[in-house]
Amino acid sequence: MTDKLNSGSIETIMKETRAFPPSKSFTDQAHINDSDSYQKIWKDSQKHPEKFWEKEALSLYWHEKWHTTHEWKEPFSKWFLGGKINVSYNCLDRHLPERKDKLAFIWEGEDGSVRKFTYQDLYEEVSQLANAMETELHLKAGDTAAIYMPLIPEAVIAMLACARIGVAHSIVFAGFSATSLKDRIQDAECKVVFTADIGFRRGQVLDLIKTVREATTECPSVVKTILLRRDSLTTLAPKEIDWEKLTTKQSRQHTAQPFDSEHPLFYLYTSGTTGKPKGIVHSSGGYLVGTSVTTKWVFDLKEEDIYWCTADIGWITGHSYVVYGPLSNGATSVIYEGGPLHPHPGRVWEIIDKHQVTILYTAPTAIRAFMRAGDEYPQKYRLNSLRLLGSVGEPINPEAWIWYHQQIGKGRCPIVDTWWQTETGSILIAPIPGVTTLKPGSATKPFPGIVADIVNEEGHSCAANEGGYLIIRHPWPSMLRTIHKNPERFKEQYWSKFKGMYFTGDGAHRDEEGYFWIKGRVDDVINVSGHRLGTMEIESALVSHPRVAEAAVVGRPDELKGQSIVAFVIPRDSKEKINTQSLQQELKTHVAKEIGSLARPDEIIFTKILPKTRSGKIMRRFLKDLAAGKEISGDTTTLENPGLIELIKS
Ligand code: WT7
C-alpha cells in the first residue's frame, strides 16, 4: 500500500507552481475577507466543531429548535436532535415574499430554448405536485420515490415536492441502464417513479420511458409512474399517469409540515469497493446546514449572483450544489440540459455570456475537454461577468488549473477546488476565496468545523509531505447517516479501518503549510470523467456474459477522463480461436447495457490467465501497471503464476 500512497509527482508539481494570494479586488467585495477573524473562527471550530455548526444552523428556518446539537454513538451520528425542519420550506416559502419575483432557475436546452422560474413559480409548481402526491397518489412521510429524469426544472420540482411531504427521493442518473435502475428501485422499495418520456443530449433523443418500463416490470413496490410528456405523441401505458393531468387542477398552495431533523431526505446510490452500489442515506436538518453554509462561504454567494453548477441532479453535486445549497440561499441558478460541447465547443461560454453567469462550478474532466477544444472558443464570448470558478470530482492537474484561471477567469477569478464525496453530503476541504491563498492542484484546507487529518497505516498522523490516508476525526452535520438496509456495511466501510475516524478511501499528503493534496482513491473505486465506478461492478457485468469465465477491471490514467476502464478477460472458450475484435465489441456493449454507457470499458484485453496470489486473489497492482504500459514492479513471489498474463490474439 505504501507505494500507492507515496507515488505520484504532486510534490514536484507543488514546488514548481506559484501560489495565488487572494486578490484585492475580490477580497474587497467578499463576505469573508478578514483573514485574522477567519483564522480565529477556523481555530475555534477545530476545538469545538459543534459550536460552529450550531451557530450556522441558526440561519435556517426551524419549525422547532433542537435541544441537543450532536449525539455520537459511534459510528452513528445524529445532529440537531429534537429540531423540526422542512427542507422544501427552507428552499421556497422562506424566500417569499422578498424574493418572490427573483429567478430561482434559468433553464436552457441544447437547442437554445430557455425557461425561467421565479421563486414564486417554483413554490406553486412544487405545491401542486406535493398536493397531488398526497391526495391522488396517497404518498406519505417515510415512503420513497425514484426520480429518473433529464436535467429539467421538473426534476427539481419532483425533488422539492418529495422533500416537502417527507418522501425520501432516490435519484438515478438518467444514463444508467434498466438493470441499474431496477436494482436501485428494488433496494429502496420506491412506490412511484418520476420520469419524462425523452431527454436530449448531444443531438440525440434519449428514450427514458423505455428504460423505466423495462426496469419496472420487476419492481412490485412501484404503484405508479408519473410521466412528463415532452413529446405529444407519447402514449400512456398501464400504471402511468400524465404529470400535467395529475397536477394541473391542484391548488398552488401547500402548507409544509415540519419533520424531524434526522428524517431521511434522500437515498443516493454510489459505487463502493465490493458488491452492488450502496444507498447512501442523508438527513434533513444536518444535510441542509452543511450544504447551505458551504454554498455561501465557498462560493462567496451574493444576492445578485448568477450561479451555474454544471452537474446533473443524478449525482451528489447536483443534489447539494444545484438544488439544496443554492435554493436554501435564495440564489439564481442556471441549469443546462445537454452536452457541454454541443452543438459547438463554445456552448458553455455562450451560455455564460447569454445569462451573465458570475460563478461557474464544473469538473476537471470538462475543463480538460474545453482546453483540448482550443482557446478560440472561450475567446469568442464575453466572460467578464465571471467572478469565481469552482472545480470538483477529481484532483485538478495544475496545467488545467492554470488554463482555467487564465483563459476563463482571465487571471481575475479565484478557483475553489472542492474536495468532498457522496457520503460527506457537502464540501469538506476547499478554499475560502476571500482569504485563502490558492495553490494549483490543492483543495487547500478543511472547511471550519471539519477536523481532517492524514494518517499512516497505523492510524498515526503523517508528517509534512508524507503520503497517507485522508480521514475525518469528528462527525459533521451533513455526514451520511448509514447505508440503506445495511448498517453493517456502513460500519465496515467507513469506521473499521481506523478506530474512531471516518475513512474516506482517498490517499493524500499535507505540505509544510498544512495544505491538503488529494491523490485519489486507494481502494478499488475508479473515477472516470468524475463519475465514480466500482471495478467489481464492471467485473460482475462482464462475467454475467456467457462467453466470459473471469474478469478483472482496473483504471488506467487518462489525460482527458482522469481514468479510463481497462478489463482483463479470460474467455470461456479460451482454447479455441476467438475473434477478439468482435468479442471486445460485444462485451463493451454488454457492460453498457448492464450498467450504463458510462461504465463501458475503453479496452478489453483477452488473456488465458490472471495473476493471482496463492489464496486466489487477483493482483490488481500488476494489472494496473500492465494497463498503464509500465514495467511490472514489486514483489512477485506471492504470485501463483509468474507469467502474469498470457495474451490471446486473434
Ligand atoms: C471521490 C468522491 C464530490 C462530488 C463529486 C464526486 C474524488 C472529489 C475531489 C477534489 C480530488 C476529488 C475523491 C473522492 N474527488 N472531489 N476536489 N480533488 N479528488 O463525488 O462520486 O462520491 O466521488 O471523488 O476521490 O473520494 P463521488
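For the structure, see preceding data.
Residues numbered from 1 in each chain as written. Predicted model: local features only at pLDDT ≥ 70, side-chain atom pairs only at ≥ 80, totals over all residues. Heavy atoms only, no water.

Brief notes about the site of the ligand
In step 1: Around the ligand there are 17 residues in total, and Asp417, Thr418, Thr422, Asp506 and Arg532 lie nearest to it.
In step 2: Separating an oxygen atom of the ligand from a side-chain N or O atom of glutamine 421 is a distance of 2.9 Å.
In step 3: Here an oxygen atom of the ligand and a side-chain polar atom of threonine 422 are 2.5 Å apart.
In step 4: About the coverage of the ligand: the protein hides 95% of its 550 Å² of free accessible area.
In step 5: Contributions of two or more residues to the shell around the ligand are made by α13 (316-328), β20 (415-418) and β25 (516-521).
In step 6: Here the shell around the ligand is built from residues that sort into 6 nonpolar, 6 polar and 5 charged. (Near = heavy atom within 4 Å. Polar contact = N/O pair within 3.5 Å; in protein donor to acceptor, adjacent residues only side chain to side chain. Areas by Shrake-Rupley, 256 points an atom, 1.4 Å probe, with all protein chains shown as cover. Helix = DSSP H or I, 4+ residues; strand = E, 2+ residues; numbered from the N terminus. Nonpolar A, V, L, I, M, F, W, Y, C, P; charged D, E, K, R; others polar.)

Thoughts on the sheet that holds strand β24 (residues 502-510)
In step 1: Reading across from one edge, β21-β22-β24-β25 is the order of the 4 strands in this open sheet, with antiparallel pairing throughout. Edge strands, defined here as strands with exactly one partner in the open sheet, are β21 (452-455) and β25. Each neighbouring strand pair of the sheet contributes to a mean axis angle of 45 degrees, computed without reference to strand direction. (Pairing = 2+ DSSP bridges. Axes fitted to C-alpha atoms, helices over the stretch in contact; angles between N-to-C directions.)

Describing empty space enclosed by the protein
In step 1: A full pass over the atoms with the stated rule returns 4 cavities of 30 Å³ or more.
In step 2: Along the walls of the largest cavity sit Ile85, Asn86, Val87, Ala163, Gly166, Val167, Phe259, His263, Pro264, Leu265 and Ser284, which together make up its complete lining.
In step 3: Broken down by class, the residue content of the lining of the largest cavity amounts to 7 nonpolar, 4 polar and no charged.
In step 4: Estimated volume of the second largest cavity: approximately 50 Å³. (1 Å grid on protein atoms, 1.4 Å probe; cavity = no way out; pocket = protein on both sides within 12 Å on 5 of 7 lines; lining within 4 Å. Points joined across faces, edges and corners; volume = space filled by probe spheres on them.)

Description of the side chain of aspartate 242
In step 1: Looking at the secondary structure, you find aspartate 242 in strand β12 (residues 240-242).
In step 2: Residue aspartate 242 is classed as buried on the basis of its relative accessible area of 10%.
In step 3: A polar side-chain atom of aspartate 242 sits 2.8 Å from a polar atom in the side chain of arginine 229.
In step 4: Within the local environment of aspartate 242, its side chain forms a polar contact with the backbone nitrogen of glutamate 244, the two atoms lying 3.3 Å apart.
In step 5: The residues touching aspartate 242, leaving out its near neighbours within four places in the chain, are Leu227, Arg229 and Leu236. (Buried < 20%, exposed > 50% of the residue type's maximum accessible area, 1.4 Å probe, protein only. Contact = heavy atoms within 4.5 Å.)

Quick look at the pattern of salt bridges
In step 1: Taken as a whole and assessed by the stated rule, the structure comprises 43 salt bridges.
In step 2: Glutamate 71 is the partner of lysine 73 in a salt bridge, and the nearest nitrogen-oxygen pair spans 3.9 Å.
In step 3: Here lysine 182 and glutamate 218 are joined by a salt bridge, their closest N and O atoms 3.8 Å apart. Pair noted here: lysine 182 is in helix α9 (residues 178-188) and glutamate 218 is in the loop between α10 (208-216) and β11 (224-228), with a separation of 36 residues, a long-range link.
In step 4: Exposure remark for glutamate 218: the relative accessible area of 45% places this residue in the partly exposed category. (Salt bridge = Lys/Arg side-chain N within 4 Å of Asp/Glu carboxyl O.)

Some thoughts on the environment of threonine 424
In step 1: Along the chain, threonine 424 turns up in the loop between β20 and β21.
In step 2: In this structure, threonine 424 is in contact with His282, Trp419, Trp476, Ser478, Met479 and Tyr502, ignoring residues within four places of it in sequence.

Brief notes about the state of the cysteines
In step 1: By the definition in use, this model includes 0 disulfides.
In step 2: Free of any disulfide, cysteine 219 has its nearest neighbouring cysteine sulfur in cysteine 190, separated by 8.2 Å.
In step 3: On the accessibility criterion, cysteine 219 (2% relative accessible area) is buried.
In step 4: Left unpaired, cysteine 309 is separated from the closest cysteine sulfur, that of cysteine 91, by 15 Å.
In step 5: With a relative accessible area of 3%, cysteine 309 lands in the buried category. (Disulfide = S-S within 2.5 Å.)

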